[in-house]
Amino acid sequence: MAKQTTPDNLSAEQIAHYREHGFVHIPNIINPEEVVEFYDVIYDFAEAKRKSEEEHASVRDSEVFTQIVNFWHEDEGIKRLTLHPNVGGVAEKLAGVPLRIWHDHMLIKQPHNNAPTTYHQDQPFWPHGESPNSISAWIALCDVPVEKGCMTFIPGSHRYTDLAPQSTRDGDKLFDLCPELTWEKRVTVPLKAGDCTFHHSRCAHMATPNDTDDPRVAHIIIYMDQTTTFSGKKHIVTDPLALEAGVLLDGDMFPAVNDFPKL
Ligand SMILES: O=C(O)CCC(=O)C(=O)O
């Protein structure tokens, strides 16, 4: 069995790939026992939220995906995955700066959902003064071949730092804003359960539809620079916190990777 990727055995090539292209495939970021444990934690939690009658801004159920945002501080199981020291440690090595949690989300593509997640960059949605090194870990909790909704990236697109937000349901928007990206090559990355991709928050990406009979279950952990301040823009994570624009995004909701529980 392939060995787990850790901050200590992450290779110089993997780091260079991430910095050059804005994404990288990392095998075995969590081990097989953790995959079994966390699949149940994430899927069961997401299904319970999806089926609950409760109106909740952090729960979005659409044809593209079921998205459950930022519940790690309410559930011990989710917390163990979101504050996983191996994932955070690898993220910091790739980014090359100290990081903290911005937020997590569970993204489940329901069987035969018939809808891709269209090309977008993440950072334009966020209320960040500056977070030039923010990075997402997209962790596959089941095997995710191309047919089940894996990610595709546009290498080098993380260098486009001033594009307006692009919808996850409008396949033209990114290319209308930045026509030259139409002609860039695209890299599709199927993942085995326990693998992850890391992507820079400006690296444009999409995910294929789930054409299989089973749900595609992924957990995404987003990290930001420890120096990130709040811009004042509306966002589902910061709206309930009533923060003043300009304050540092720190404290219990945004724990630093160096404060995560040790392995
Ligand atoms: O999994 C998906 O469908 C899209 C994921 C995504 O856009 C992200 O992790 O930023």
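Structure first, text after, so check above.
The paragraphs below set out a description of the structure included in this document.

Definitions and cut-offs
Residues numbered from 1 in each chain as written. Predicted model: local features only at pLDDT ≥ 70, side-chain atom pairs only at ≥ 80, totals over all residues. Helix = DSSP H or I, 4+ residues; strand = E, 2+ residues; numbered from the N terminus. Rg over C-alpha atoms; globule rule 2.2 N^0.38 Å. Buried ≥ 20, exposed ≤ 12 C-beta atoms within 10 Å, placed from the backbone. Contact = placed C-beta atoms within 7 Å. Near = placed C-beta within 6 Å. Nonpolar A, V, L, I, M, F, W, Y, C, P; charged D, E, K, R; others polar. Pairing = 2+ DSSP bridges. Expected span 1.5 Å × (residues − 1).

Some words on the overall build of the protein
Counting its regular elements, the protein contains five helices and eleven strands. In terms of C-alpha radius of gyration, the protein reaches 17 Å, essentially the compact-globule figure of 18 Å for 263 residues. The principal-axis extent of the C-alpha atoms belonging to the protein is close to 45 × 45 × 45 Å. Relative to its 263 residues, the protein shows a buried fraction of 41%. Counting contacts in the protein only where the partners sit at least 6 residues apart, residues at least 24 apart contribute 85% of the total.

A look at the site of the ligand
Taken together, the neighbourhood of the ligand is formed by Phe65, Leu107, Thr117, Asp122, Ser136, Trp138, His205, Ala207, Ala218 and Ile220. When contributions to the shell around the ligand are tallied by element, the ones reaching two or more residues are strand E6 (135–140), strand E10 (205–207) and strand E11 (216–225). In the shell around the ligand, the residues fall into six nonpolar, three polar and one charged.

Describing the pairing of strand E4 (residues 99–109)
Burial runs high along E4: eleven of the eleven residues are buried. In this sheet, E4 lies alongside strand E3 (residues 66–69) in antiparallel orientation, the contact comprising four bridges. Bridged to Ile68 within E4 is Met106. Strand direction decides the pairing type here: E4 and E11, joined by ten bridges, are antiparallel. Of the residues in E11, the one forming a bridge with Met106 is His219.

Some details on helix H2 (residues 32–51)
Given a rise of 1.5 Å per residue, 20 residues ought to cover 28 Å, and the 28 Å separating the end C-alpha atoms of H2 matches this to within 8%. All of the buried residues along H2 are Glu34, Val35, Phe38, Val41, Ile42 and Ala46. Those residues of H2 hidden inside the fold are in contact with E3, helix H3 (76–82), E4 and E11.

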